[in-house]
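Now for the letters of each chain:
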Amino acid sequence: MRLTDRGIYWVLATVLAAAGLIPEFRSLGNLANVATQSAALAVLALGQTFVILCGLIDLSVGQLTGLIVVLVCDVAAGRDAMTAPALLLALGLGAASGAITGLLNNRLRIHPLILTFGTMSVLQGIVFTYTDRSVGRAPAAIAWLADGRLLGLPVAPLLVLLLAAGAHVTLTRTRFGMHVHAVGGGRDNARRAGIDTDRVAATVFVISGVSASIGGLLVAGRLGVGYPHAGAGFELDAIVAVVLGGTSLAGGRGSVAGTVAAVVLGGTSLAGGRGSVAGTVAAVLLLGLTNNVLNLLQISSFIQMLVKGLIVIGAILVNQPGGRRAFA
Amino acid sequence: MSTEAERPRVRPAAIASWLNAGWVERSAIWVVLVALLGVAALFSDAFLQPSYLFNMVRQAAPVGVAAIGVTLVMVMGGVDLSVGAVISLAAVVAAVLMDGQAGNIGYALAATLTIGAAIGFANGVLVAWNRGSPFILTLGTAVAVYGLTQIYSGGTARGIVAPGFREFFNERIGGLVPVLALLFLAAATIAALVQRTTRFGRSLYLVGSNPRAARLAGLRAARLTVTTYTLSGLLAALGGIALLARSGVSSTFAGRGFEFDALAAVVLGGTTFEGGRGGVGGTVAGLLVLFVAFNLVNILGLNYNVQRLVAGVIIIVASAAYTYLTSRRLTESRLWPSHHTSEGAP
């Protein structure tokens, strides 16, 4: 592991230490809050880690999340009996959307940034044609998933930990995980080595779609209503988290740990093939932490935005390995 | 059999070199544009009227001017996602500094362009002296600039456009060509000439296609990087001024999303994320494809949400058609080095 790959953890540790100086921050309730609020983004970033590791990118997850939030709440309309159908709808829709994106990616051979920019636009059109105001209500079980407690511990962060562990094992211990790294590291070489690169690409898009399903459920549970704007901007935050977590935008390098750190802190490289789930999680935590600390310090949202931008720049300066190409 | 016998006479090498000159690649997007215009004309006669088409170019000008800068950056192998934020900031700063006084226009525009160039310069320095990804770096700049704009504007639309400012830019020369459209086309022409004929322009392609060779050849890659990003910031500020002139809007998020419109135009136009290929000409065509699509949906009387949906489909279909036209050449000639696909994002 290179020093730069660990940059995200150093930044996270520094921010944590600084935050520790604020008394309100140290309370357990607040820490649980940070983790709970970061959960949806963390799940999206976990999915995006697979995509970016594969050397692809998925801009559509934000709007897909928004669509799922709206549909889940509208279908359930607060009725507990509708929980299971709403869950199935969310997961099915996410997987289907991911499968279509994967199929289009393999058939059309358009740059994934353009392709998913197109699907993002389509999904946005669908969301706002469906409704331009808040609709429905999330059932109690989904609200519990997003905001509840299990044995005194917040549920959403536990779910994130579980998913992150699964993603980490998948990427580092399974044949599929090796294939994702290989395709991200060099698609032509992977194909010559006998890897079905199209299937790997389609699978990572499905994973990304399902992550939007779970993310959408968490957002729906937290908001309580189907707010059509709920997904806006999520795609960029997720990508930032993955890149800050040390996954390379060129593909092939990266890890779940980095992703988690980034989602905390926001560090995967856009070249693909490099990075980790842990890094992403750390980056997400960093982003969440920063918001929390600035809120506790009662700093205006305008300045918060400026600070967030500077943190992204700072994190990338200490964290990004590789060359200076657009996606390296 | 007969084709086999003819083959030696047509000299495959000559055909391959003609194909490799990039002719098909450069013109494919224009073919897509003409085809799309043809389809659009089936739905509405408006697409055959010069005044309507020039008005479309006027609409496209703010994104288009910024897309010129993004093209130069991407040919060099970088990317600039901060242009949407710079457009917004520029529109707000220009409107505030004008403060409704015609006498302030010159000073307001100069200050706005300086600020845009300064942000581009900062991007360039960050990218040149750091090994980080320009994608994320410029995204970070974008967020920071949006923050700055909000602090400056107080979160609402601010500033008063000077009288005469918008009238001048929207004046139609000869009753046909809006000044704004003409200025955009002039900027694109100058950029295309710079890129094709100057040492700076050629250097961008060398750095983009092979940075190490460029360094070994004695090119000052860092200086070139800073210059190009500065230009991109300057052009984005110009795009902000164009937006203010076009619509009079000067709010914090006036240019939000423009970075993706610009990126879509650049990539549709054949400039790749790997650098070294493409150019401003293709970007202009890509931009027009986007705006014909937007206008077609609009003229069909669909609401904004359906417009987003259809625009998304058109972007995908146009891009797929373009890829199809260009990839046929790649598989036929097999002369193009394959390192682009094996190293970069597929």
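Residues numbered from 1 in each chain as written. Chains lettered and ligands numbered in written order. Predicted model: local features only at pLDDT ≥ 70, side-chain atom pairs only at ≥ 80, totals over all residues.

1. Focus on the overall build of chain B
Here's step 1: Scanning chain B from N- to C-terminus turns up 16 helices and two strands.
Here's step 2: With 346 residues in all, chain B has 51% of them scored as buried.
Here's step 3: Counting only contacts in chain B whose residues sit at least 6 apart along the sequence, the fraction spanning at least 24 positions is 78%. (Helix = DSSP H or I, 4+ residues; strand = E, 2+ residues; numbered from the N terminus. Buried ≥ 20, exposed ≤ 12 C-beta atoms within 10 Å, placed from the backbone. Contact = placed C-beta atoms within 7 Å.)

2. Observations concerning the overall build of chain A
Here's step 1: When helices and strands are counted, chain A shows 15 helices and five strands.
Here's step 2: Counting only residues that meet the buried cut, chain A has 63% of its 328 residues in that class.

3. Some details on the confidence of the model for chain A
Residue and element names in this part refer to chain A.
Here's step 1: Here chain A averages 78 in pLDDT, and 80% of its residues register 70 or above.
Here's step 2: Averaged pLDDT values over the elements of chain A bottom out at 48 in strand E5 (residues 271-276) and peak at 93 in helix H11 (residues 197-223).
Here's step 3: Taken together, the stretch residues 263-274 has pLDDT below 50 and engages in 132 contacts with residues farther than four places along the chain or on a different chain. (pLDDT = per-residue confidence, 0-100.)

4. Section: helix H7 (residues 134-153) of chain B
Residue and element names in this part refer to chain B.
Here's step 1: In this model H7 runs 27 Å from its N-terminal to its C-terminal C-alpha over 20 residues, within 8% of the 28 Å that 1.5 Å per residue would give.
Here's step 2: Of all 20 residues in H7, 18 are buried; the element is thus mostly enclosed.
Here's step 3: One or two residues past the end of H7 sits Gly 154, with phi positive at roughly 75°. (Expected span 1.5 Å × (residues − 1).)

5. Examining the confidence of the model for chain B
Residues and elements named next belong to chain B.
Here's step 1: Across chain B, the average pLDDT comes to 81, with 86% of residues at 70 or higher.
Here's step 2: Counting interchain partners and residues more than four positions distant, the pLDDT-below-50 stretch residues 1-8 has one contact.
Here's step 3: Taken together, the stretch residues 329-346 has pLDDT below 50 and engages in 38 contacts with residues farther than four places along the chain or on a different chain.

6. What about the packing of helix H4 (residues 61-76) of chain A against helix H6 (residues 112-130) of chain A?
Residues and elements named next belong to chain A.
Here's step 1: One can describe the packing of H4 onto H6 by two numbers: an axis separation of 8 Å at closest approach and a directional angle of 25°. The angle between H4 and H6 places the two elements in the roughly parallel class. Here the hand of the crossing between H4 and H6 comes out left-handed. Residue-level contacts link Gln 63, Leu 64, Gly 66, Leu 67 and Val 70 of H4 to Met 120, Leu 123, Gln 124, Ile 126, Val 127 and Tyr 130 of H6.
Here's step 2: Tallied by class, residues from the contact of H4 with H6 come to eight nonpolar, three polar and no charged. (Axes fitted to C-alpha atoms, helices over the stretch in contact; angles between N-to-C directions. Parallel < 35°, antiparallel > 145°, perpendicular 65-115°, else oblique. Left-handed = near helix turned anticlockwise from the far one by under 90°. Nonpolar A, V, L, I, M, F, W, Y, C, P; charged D, E, K, R; others polar.)

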